[in-house]
Amino acid sequence: MGGRIEDYALLSDLQTAALVGRDGSVDWLCLPRFDSPSCFAALLGTPEHGAWRIAPVGAGDCTGRRYLGDTLVLESRWRTPDGEVKVTDLMPHRDRAPRLVRIVEGVSGAVPVRGELRLRFHHGRVDPWVRRTEHHRVAVAGPDAAWLRVPPGVHTYGANGAAAGPGTGAGLTTVSEFTALPGVRVPFVLTWQPSHLATAPRTDPEALLAATLAEWRAWAGQLSYRGEWRDAVLRSLLTLKALAYEPTGGIVAAPTSSLPEVPGGERNWDYRFCWLRDSAMTLSALLRGGFRQEAAAWRKWLLRAVAGDPSDVQAVYGVAGERGLPETEADWLPGHLGSRPVRFGNAAVGQLQLDVYGEVVDTLDLALRAGLPMERQVWGLLRTLLGSLAARWREPDEGLWEVRCGRRQFTHSKVMAWVAADRAVRMAEATGLPAPLEQWRALRDAVHAEVCERAVDPRRKVFVRSYGATELDAATLFVATTGFLPPDDERVVRTVEAVRRGLDHGGLVRRYQAGAGDGLPGSEGAFLACSFWLADALAAIGRRPEARELFVRTASLANDLGLLSEQWDPLARRQLGNTPQAFTHVALVNTAFRLVG
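Residues numbered from 1 in each chain as written. Predicted model: local features only at pLDDT ≥ 70, side-chain atom pairs only at ≥ 80, totals over all residues. Heavy atoms only, no water.

## A closer look at the overall build of the protein chain
Rules: Runs of H or I in DSSP of at least four residues are treated as helices and runs of E of at least two as strands, each being numbered from the N terminus. Computation of the radius of gyration draws on C-alpha atoms, with the globule rule given as 2.2 Å multiplied by the number of residues to the power 0.38. To sort residues, take the accessible area from a 1.4 Å probe on protein chains only and compare it with the maximum for the residue type: under 20% means buried, over 50% means exposed, and anything in between is partly exposed. The criterion used for residue contact is that any of the two residues' heavy atoms lie within 4.5 Å. Reported accessibility uses the Shrake-Rupley method at a 1.4 Å probe radius. Residues are deemed covered only where the shown protein chains occlude them. Positive: Lys, Arg. Negative: Asp, Glu. His and the chain ends are not part of the count. Throughout, a charge is located at the NZ atom of Lys, the CZ atom of Arg, the CG atom of Asp or the CD atom of Glu.
A tally of helices and strands in the protein chain yields 14 helices and 27 strands. Computed over C-alpha atoms, the radius of gyration of the protein chain comes to 25 Å, within 12% of the 25 Å expected from 2.2 N^0.38 for 597 residues, which places it in the range of a compact globule. Within the protein chain, the proportion of its 597 residues that are buried is 62%. Long-range pairs, those at least 24 residues apart, make up 67% of the contacts in the protein chain with a sequence separation of at least 6. Counting every atom, the protein chain has about 21000 Å² of accessible surface; 51% of that belongs to carbon and sulfur. Positive and negative side-chain charges of the protein chain, numbering 70 and 68 respectively, have mean locations separated by a distance of 2 Å.

Okay, structure coming up:
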C-alpha cells in the first residue's frame, strides 16, 4: 500500500524526515526523531494509518515537482481545468519544536483546494483526541501532541461532523477547504511537542521558508566536486546531510522502515538507525565533497557510542548511541504493497560484523588526510579497536549483508580487517603517535596472507563469498578498490569479470548469487550500491569507458528528484527497499569522484 517508492520526495530538519508523495500526501513522518514512532504511516498501510494530503479537489498526482535549487524545499504544481496551484513543503531546521510547513499558492484561475489531515500516533495505531483553540487544531494522545495552525479564511472542520473535543478523535479527519487565487499564499504549520505543554510557539511561515532556503544553500555552497555530474553528486550529498541527526552527529541508514526488497515479501527491515559501516561510508562521501563539520561531529558520536568494553562494539546503534534496539513486528499495519511483517527495531544489534572495523578506521584515516586533527581520545579509540580486532579477526561473523543463517568466514569481512590494520599503520607512521606498530604490521600481513590463501577459488582464480565457498559476492570487489592487491593482479581482474557476469541482473549487480543462502526466503532486486562498486572496480582495473557507462546507467535510476532507494527491480522497473538509502548515495558520490580522478 502507499505509492511507489520512487514517488516520494524527502524533507528533513536534520533530526527527522518526512516523505511526500506525488499526490501531495505526506505518508511518512516520525516525531520527534528519525527513530520515533510515526504519526503518518500511510507508507506502510492506508491513509487511515496517518497521512496529510493537500491538493486541488478531484486532482490526482501533481503535474510537476522540483526542489528549489540546492535545497530540500519541495515545490509541487497541479494544472487543473480551473487553473494552476503550487504547494511548497519544508521542514525548517529546528530551534525547539519540529515543524512541517506547507504553503499553498494560486498561480492562475480559481482552484478549489482540500486538505485532509489524519494524525495517527504510534505507527498508525493510536487515534488522538482533537480539540480547537483560537488559532490551532490540537491532536493529543499519550506523550504526543500535534498543533495545526490554520490560516484565517480557511474553512476547517472534523470530517465526522462532530464538534472537536475529547472523545471525537477516533477516525477523525481534519478537513481544510479554500479556493487558491493567484498570488495569495495560504500557509499551514504542523508543530509537534510533548503533550504536557499547554501552548505551541507561534511562527512566521514565510520567515521559516526564507531561513530554510538560505541554510540549505549555504551548506551546498561548500561543495568541492567540479565534475560533470555535479547535480547528482550534490543531490546525493544533500540527502546524506538530511540523514544526519544534528544533535549527536549520528547518521541513519535511511529514514524509513520495512519498505520491501520484494513487494509482498518478508525482507522488510527498519533502517532508522546508525550502522557504523553506513555512517563511516557516509562520512567518507561528505569529506570528499568538502564537508568537514559532519566528520568532526560523527567522530564525537562514535566515541560516545562505542565507549565501554571493546569486545562489545556493535554494528548498529541508535541516533544518540543507544545499544538496545529490540526488533518487533507491527501486526496492525498491512505493509507497503502488502509486504509483511512490518518491523520496527533491528536485531542486527546482536550480530558480529567484523568489516565495520575497516570502514571506521578507513574513515578516520580519510578525516586525518582531509585536515582534521587527530585528537587524543580518537587515537585512544583507534588503538582500542585494533586491539579488539587483533583478538577477533579469525572469528566467523554475519558479515556485511547481515545474514540470518549463521556465521561464516566472509571474505569481505577479512579484507576490511586488513584495511583497518593497513590504515592504522599509515596513520601511526604519518603522525608519529604512540602505537604498537610492529603488532599492527604483523596483523595486516597475517590477514592478507590468510585471505589470499583461503578466499580464492583455486580453479577459477577469483575471490569468493567466504572461505571454501564457490559463490560470488559483490563485496569482493573491494579487493580492487582498497589497495588490498594491485589492480592488475590476475585474481583482481578475474574477480571483477566474474562478478560482472555472474551477478548480473538486468545490467546491474546482485549482492550475491540467488540461492547462496542468507537464512531468509524469497529473492530481491539488483543492489544499487553494488552496481556503483562494480563501476569503481572497472575504473580501478583500467576499464574506464565501461565504468562510466555503468555509472551513468545506474545513476539514471534515481527518481525525478535525484533520490535512490536500496535496490532496483529491472523487470518491473521500480525502486525497492528503504528510501532514500545512504549506502546508495554514498556509492554514487564516491564513484563520481573516482571517475574524475
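Structure shown, so let's carry the discussion forward.
## Some words on the pairing of strand β15 (residues 174-180)
Note the threshold: Only strands that DSSP links by at least two bridges are regarded as paired with each other.
Where burial is concerned, most of β15 is hidden: five out of the seven residues are buried. For strand β10 (residues 111-118) and β15, the ladder comprises seven bridges, and the chain directions are antiparallel. Its bridge partner being in β15, R114 is matched across the sheet by E177. Relative to β15, strand β14 (residues 155-158) runs antiparallel, the two sharing four bridges. Bridged to G158 within β15 is T174.

## Observations concerning the sheet that holds strand β25 (residues 526-527)
One open sheet holds the three strands; their spatial order is β25-β26-β27, and the pairing between them is antiparallel. Strand pairing shows two members of the sheet lacking a second neighbour, β25 and β27 (574-576), which therefore form its edges. The pairing of strand β26 (residues 567-569) with β27 spans three bridges and is classified as antiparallel. For D569, the partnering residue across the bridge sits in β27 and is R574.

## Remarks on the nonpolar core
Note the threshold: We call a set of buried Ala, Val, Leu, Ile, Met, Phe, Trp, Tyr and Cys residues a nonpolar core when their side-chain atoms join them within 4.5 Å.
Core analysis: the largest hydrophobic core is formed by 188 residues, its most contacted members being F40, W52, F188, L237 and W533. Residue contributions to this core peak at eleven residues, all from helix α8 (residues 411-431). Setting aside residues up to four positions removed in sequence, L237 forms contacts with W219, L223, A285, L286, G289, F291 and V589. Counting ten residues, the second largest nonpolar core, distinct from the first, contains W269, Y271, V316 and L325.

## A closer look at the confidence of the model for the protein chain
Spelled out, the test is: Note on scores: pLDDT gives the predictor's confidence for each residue, bounded by 0 and 100.
With 97% of its residues at a pLDDT of 70 or more, the protein chain has an overall mean of 94. Low pLDDT, under 50, characterises residues 161-170; the predicted model gives this stretch 19 contacts beyond four residues in sequence or across chains.

## Examining the environment of F410
Mapped onto the elements of the fold, F410 is located in the loop between α7 (376-392) and α8. In sequence terms F410 and L303 are 107 residues apart; their C-alpha atoms lie 27 Å from each other. Not counting the four nearest positions on each side in its chain, F410 is found in contact with D397, E398, G399, V403, R465 and S466.

## A few points about the side chain of E84
If you trace the backbone, E84 turns up in strand β8 (residues 83-90). The class of E84 is buried, set by a relative accessible area of 11%.

## With respect to α8
Filter applied, for reference: Every helix has an expected span of 1.5 Å times one less than the residues it contains.
A rise of 1.5 Å per residue sets the reference length of α8, with its 21 residues, at 30 Å; its end C-alpha atoms lie 30 Å apart and thus fit the reference within 8%. In terms of burial, α8 is a largely internal element, 17 of the 21 residues being buried. G432 lies just past α8 and shows a positive phi near 75°.

## So, unusual backbone geometry
Excluding glycine, most residues fall at negative phi; most peptide bonds, likewise, are trans. A cis amide bond links L31 to the next residue, P32, at an omega of 5°. Tracing the chain through its elements places P32 in the loop between β3 (25-30) and β4 (38-40). Here the amide bond leading from R340 into P341 is cis, since omega sits at 5°, within 30 degrees of zero. Among the secondary structure elements, P341 is positioned in the loop between β19 (328-329) and β20 (343-344).

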